[in-house]
Amino acid sequence: MYIISPSILSCDFSKLGEQVIQTGNTKAEYLHIDVMDGMFVPNITIGPCVVASLRPHSKLVFDTHLMINEPIRYIDEFKKAGSDIITVHIEACSDVAATLKKIRESGAKAGLSIKPKTDPDSVRPYLPLCDMILVMTVEPGFGGQSFMYDAVENIKKIKAMIDDAGLQIPIEVDGGITPETIGITAEAGATVFVAGSAVYKKPDIAKAVDDLLEACQN
Ligand code: DX5
Ligand code: ZN
C-alpha cells in the first residue's frame, strides 16, 4: 500500500545508469525523475533524452516531476521517452485542465503538484482530471532540504477533499522525506513517498528503502 519513489536527483550522475539498475533490486516501485528548467525553479537538471536512455535499464514506474514553465509543451516528448506518470505544477500552467488532459491523452498518468505555500483548495476543480496529487514538503528546486512541517496541513486538506469527492487519488509527498518525517505524512494521508538523500546518500540503498517503508508503517 505504501510506495517509495527514490529521486535520482541525489544520484551520482556519473554513475546514473548503475544506480538506477541497483534501485530495481530494492523494494522501491517508482523512480522519481526531477526535471527543472532554471525558470520555474532556480536549478537545471535533465530532459527527455536522459529518461529515454534510462528506460531500457529499468522496469520501475517512471514518476516524472516536471518543474518547468508551461509543461504542456513537453508532455508528448516525456511520454515517448518512457515516463509513466507525468506530474506538473499548478503554478506553472496557464491552462491546468488542458495540461492534465494532454497527459492522459498521451497515455501517461496525470499528476498535479502544489508548492508548500500554494492554497491546497486550488487543486479541487482539477481532481477528476488527476491520477495523483503531489504535495511538496520543501520549496522545489533542490534535493537535501529540510522537511517543512507546515506543509503537512496541505496533505490533510487534500486528503479530505479527495474523500469528500468520493475519489481515490493517491497523494505523493516530496521533499525532506526521511525515516523521521515519513510517518507524519503517512498519517496525514500520503501513500507515495519521494526520497532523494534518504536513499542515494546512504551506503546501502536497499536498506534505506526498507527503513523508509518500515518507518511509514509505524
Ligand atoms: C525537489 C525535488 C525533490 C528532491 C527531493 O525540488 O522535487 O524530488 O529530489 O530530495 P530530498 O529527498 O533529498 O529532499
Ligand atoms: Zn521531485
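Thresholds applied
- Residues numbered from 1 in each chain as written.
- Chains lettered and ligands numbered in written order.
- Predicted model: local features only at pLDDT ≥ 70, side-chain atom pairs only at ≥ 80, totals over all residues.
- Heavy atoms only, no water.
- Helix = DSSP H or I, 4+ residues; strand = E, 2+ residues; numbered from the N terminus.
- Contact = heavy atoms within 4.5 Å.
- Donors = N, O, S within 2.8 Å, 3.2 Å for Na, K, Ca; no water.
- Tetrahedral: all angles 85-135°; square planar, octahedral: opposite > 155°, others 65-115°.
- Buried < 20%, exposed > 50% of the residue type's maximum accessible area, 1.4 Å probe, protein only.

Another aspect to go through is the side chain of threonine 64. Inspection of the secondary structure assignment puts threonine 64 in strand β3 (residues 61-67). Not counting the four nearest positions on each side in its chain, threonine 64 is found in contact with Ile33, Val35, Phe78, Ser83, Ile85, Ile86 and Thr87.

Okay, the coordination of the zinc ion (ligand 2) next. Distances from the zinc ion (ligand 2) to its protein donors, His32 (NE2), Asp34 (OD), His65 (ND1) and Asp174 (OD), fall at 2.1 to 2.3 Å. Metal-centred angles of 71 to 172 degrees between the six donor atoms at the zinc ion (ligand 2) mark the site as octahedral. In terms of primary sequence, the donors binding the zinc ion (ligand 2) are separated according to H-x1-D-x30-H-x108-D. Here histidine 65 lies in strand β3 and aspartate 34 lies in strand β2 (residues 30-36), a separation of 31 residues in the sequence. Comparing aspartate 34 with histidine 65, the two get one shared label, buried.

With that out of the way, let us pick up unusual backbone geometry. Its identity as a non-glycine residue notwithstanding, glutamate 70 has a phi of 45 degrees, on the positive side. Among the structural elements, glutamate 70 can be located in the loop between β3 and α3 (75-81).

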